[in-house]
Amino acid sequence: MGLASDLIPRLSHPFSMKARVVIVGSFIQDLAFYTKSFPQPGESVIGDFRAGPGGKGFNQAVAATRAGAPALFIGAVGHDVFGAGAKKFAHDAGIVAHFVVKKKEPTGTAVVSINAAGQNQIIVALGANLTLHKQDIPAAPLKDAQVVVCQGESDFRTVAHVLRTARKTGATTVLNPAPMRTDFDFDLLRHTEVLVPNETEFAGLMRALPRSGLRTLATEEVRRLPADQLHHLCRLFNVPIVIVTLGDRGCFVSQPDVYTHISPHEVDAVDTTGAGDAFVGGFAAGLVKFNRNVLEAAHFANAVAALAVTQHGTAAAMPTAREISRFLRKRDHK
Ligand code: RIB
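Each chain carries its own residue numbering, running from 1 in the direction its sequence is written. Predicted model: local features are reported for residues with pLDDT of at least 70 only, side-chain atom pairs are reported and counted for 80 or more only, and whole-chain, interface and lining totals are derived from all residues. Values shown for side chains rest on all heavy atoms present in the structure; no hydrogens or waters enter the calculation.

**Student:** Would you take a moment to explain the nonpolar core for this structure?
**Tutor:** A general trend in soluble globular proteins is that nonpolar side chains are found buried together. Nonpolar cores were defined as sets of buried Ala, Val, Leu, Ile, Met, Phe, Trp, Tyr and Cys residues, with membership established by side-chain atoms within 4.5 Å. Using a 1.4 Å probe on the protein chains alone, a residue whose accessible area is under 20% of its type maximum counts as buried, one over 50% counts as exposed, and one in between counts as partly exposed. If you look at the biggest cluster of nonpolar residues, it comprises 53 residues, and the most contacted ones within it are Val21, Phe58, Phe99, Val174, Ile243, Phe279 and Phe283. For this core, the element with the most residues is helix H9 (residues 294-308), which contributes 11 residues. Leu209, Leu217, Val244 and Leu246 belong to the second largest nonpolar core, which has 44 residues in total. Runs of H or I in DSSP of at least four residues are treated as helices and runs of E of at least two as strands, each being numbered from the N terminus.

**Student:** Which parts of the structure should I look at to understand the pattern of salt bridges?
**Tutor:** In a structure, side chains of opposite charge can pair up when their charged atoms sit close to one another. Each salt bridge in this description consists of a side-chain nitrogen of Lys or Arg and a carboxyl oxygen of Asp or Glu lying within 4 Å of one another. Throughout the structure, instances matching the rule amount to nine salt bridges. One salt bridge connects Asp183 with Arg181, and the closest N-O pair in it is separated by 3.0 Å. For Asp183, a relative accessible area of 44% gives the class partly exposed. Measuring nitrogen to oxygen at the nearest pair gives 3.7 Å for the salt bridge that ties Asp187 to Arg190. Asp187 gets classed as partly exposed once you look at its relative accessible area, which sits at 43%. Several salt bridges share partner residues, and in doing so they unite Glu199, Glu220, Arg223 and Arg249 into one network.

**Student:** Explain helix H4 (residues 156-168) to me, please; I cannot follow it from the model alone.
**Tutor:** One full turn of an α-helix is made of 3.6 residues, so residues set three or four places apart face in the same direction. Here a helix's expected span is defined as the number of its residues, less one, multiplied by 1.5 Å. Its 13 residues place the ends of H4 18 Å apart at the C-alpha level, agreeing with the 18 Å of an ideal helix rising 1.5 Å per residue. Within H4 the residues assigned to the buried category are Phe156, Thr158, Val159, Ala160, His161, Val162, Leu163 and Ala166. Throughout, a contact is declared for two residues whenever any of their heavy atoms are within 4.5 Å. In the core, the buried residues of H4 are packed alongside strand S1 (21-24), helix H3 (139-144), strand S8 (147-151) and strand S9 (172-176). Gly170 sits one or two positions beyond H4 and adopts a positive phi of about 90 degrees.

Honestly, it's all geometry; don't read function into it.
Okay, here's the thing in structure tokens:
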């Protein structure tokens with residue numbers, strides 16, 4: 001899986017096209033360490049190192065673009081070597097990006113640890129991402145977009161502005177509340193049409209949502225919930241569509257009157273970092289590809305996420321449209 005794809009159009013200026021998917025969010029320089037097992041507190045372990053572009057917003061933009069829906073990414077970086085690297089990667093890989101350079105803040109960075117089972121632990125320093133303000137967001141791309149996506153690695157006031165504006169102009173608004181933050185702003189849900197948490201984020205949202213009455217709900221308990229109860233809890237958000245990603249158990253799609261469990265694809269996972277981003281980016285691309293059909297888009301996203309975990313890295317691990325089609329064709333013939 002190369003960094004640049006022959007399927008991705010090369011565009012000279014971020015606004016020279018009408019992007020059908022606009023993703024506003026984080027760019028993070030990932031510093032990834034691969035170890036046999038995670039170190040215990042006070043322990044040092046030997047591992048391998050790879051650096052690469054990441055950040056939930058940027059990963060999602062790469063996933064959507066490679067999956068066949070060229071996306072516009074809008075985010076902030078610092079005036080430093082990592083910010084320069086972000087621009088170079090985007091340019092070389094054909095990702096259309098509008099990077100706002102913040103002179104006083106560093107580019108976001110993350111320490112990502114990955115164990116032999118492909119599981120990850122991440123610490124993120126958001127840096128410049130938190131200073132992306134509503135004045136930094138050009139209005140025209142939001143007006144033209146079919147799908148607009150935000151995550152939780154930004155200032156929530158900026159997220160509110162983006163979702164509100166996009167909703168007014170008829171775009172489908174997707175919120176990925178990752179990572180779950182204690183200051184999560186439930187007002188964001190008023191402008192959200194599709195909410196995509198993983199199980200941990202779902203449990204965190206439920207604990208924080210006063211009307212749920214579930215102040216101690218644990219991720220493990222979410223895993224054990226029967227489908228009808230999970231659907232019932234999803235409805236408490238008052239968001240039309242809630243998709244809970246379930247890791248190696250696929251995903252759960254809750255629509256107002258119906259719910260669907262989509263089974264996982266069996267793959268050999270080497271690195272699950274960014275799997276959620278692959279899903280969200282793939283879902284955004286799927287909404288465009290399948291004329292906003294949520295279930296078809298979720299099936300497509302499920303395949304994008306399955307392929308992403310078979311590669312190391314985050315943004316660089318996102319599969320191309322050709323790889324996704326080949327993968328789905330093979331599954332159909334099984
Ligand atoms: O979802 C994975 C991403 O989370 C990583 O790329 C890291 O940058 C963190 O933001």
